[in-house]
Amino acid sequence: MSAPGAARVYEVDIDIDAVIESDYRAWLAAHVAEILSLDGFTGATMSDVLDPPPPPGRVHLCVQYRLADAASLDAYLRDHAPRLRAQGIARFGDAMRATRRVLAPRG
């Protein structure tokens, strides 16, 4: 188990309707840039999910944000996440769904 002050990865798995893909990717790039401007974020990787493949008409994406420590993640979840999540829902509604998890890198 990693120490509370150790780095964290905040992973967001995104499932979108293929018809909004272009608009969503443009919005996501700006969204990620905004998050990376917050204290404690040290980088991010955006990936297309290839396996398992999405169903027809869907696109799966994954963003892994790297954070300096657990306190930075806690501050993001408390102070910024509700607003930022609401922006995506307001713009894309039911055409997108996201699930999230927190990882503690080892080694």
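A brief report on the enclosed structure follows. The structure presented is a predicted model; accordingly, all values stated were derived computationally and were not measured.

### Remarks on the overall build of the chain
Thinking step 1. Looking only at helices and strands, one finds three helices and four strands in the chain.
Thinking step 2. Taken from the N to the C terminus, the helices and strands of the chain come in the order β-α-β-β-α-α-β.
Thinking step 3. Whereas a compact globule of 107 residues would reach a radius of gyration of roughly 13 Å, the chain reaches 14 Å, a difference of no more than 12%.
Thinking step 4. With the C-alpha coordinates of the chain rotated into their principal frame, the extents come out at 40 × 30 × 20 Å.
Thinking step 5. Considering only contacts within the chain whose residues lie at least 6 apart along the sequence, 77% involve residues at least 24 apart.

### Observations regarding the side chain of H31
Thinking step 1. In this structure, H31 sits in helix α1 (residues 21-36).
Thinking step 2. Among the residues examined, H31 registers a relative accessible area of 12% and is labelled buried.
Thinking step 3. Non-local contacts of H31, meaning those with residues more than four positions away in its chain, are made with Y65 and L84.

### Some words on the environment of I35
Thinking step 1. With respect to the helices, strands and loops of the structure, I35 is situated in helix α1.
Thinking step 2. When its relative accessible area of 1% is taken as the criterion, I35 is described as buried.
Thinking step 3. On a C-alpha basis, the gap between I35 and L84 in space is 8.7 Å, while along the polypeptide they are 49 residues apart.
Thinking step 4. Residues contacting I35, with those up to four places away along its chain left out, are F41, Y65, Y76 and L84.

### Quick word on α1
Thinking step 1. Here α1 is 16 residues long and its end C-alpha atoms lie 22 Å apart, about the 22 Å a rise of 1.5 Å per residue gives.
Thinking step 2. If you check which residues of α1 are buried, you get Y24, W27, L28, H31, V32 and I35. Down the axis of α1, the buried side of the element spans an arc of 140°, and every buried residue falls inside it. Turned more than 90 degrees away from the buried face of α1 sit S22 and A26, all of them exposed.
Thinking step 3. Those residues of α1 that are buried lie in contact with β1 (8-17), β2 (41-48), β3 (58-67), α2 (70-79), α3 (81-92) and β4 (96-103).

### Re the side chain of S72
Thinking step 1. When you line up the elements, S72 lands in helix α2.
Thinking step 2. Look at S72 and you get buried, because its relative accessible area is 13%.
Thinking step 3. Non-local contacts of S72, meaning those with residues more than four positions away in its chain, are made with D39, G40 and L67.

Calculation rules
Residues numbered from 1 in each chain as written. Predicted model: local features only at pLDDT ≥ 70, side-chain atom pairs only at ≥ 80, totals over all residues. Heavy atoms only, no water. Helix = DSSP H or I, 4+ residues; strand = E, 2+ residues; numbered from the N terminus. Rg over C-alpha atoms; globule rule 2.2 N^0.38 Å. Contact = heavy atoms within 4.5 Å. Buried < 20%, exposed > 50% of the residue type's maximum accessible area, 1.4 Å probe, protein only. Expected span 1.5 Å × (residues − 1). Arc of directions from axis to C-beta.

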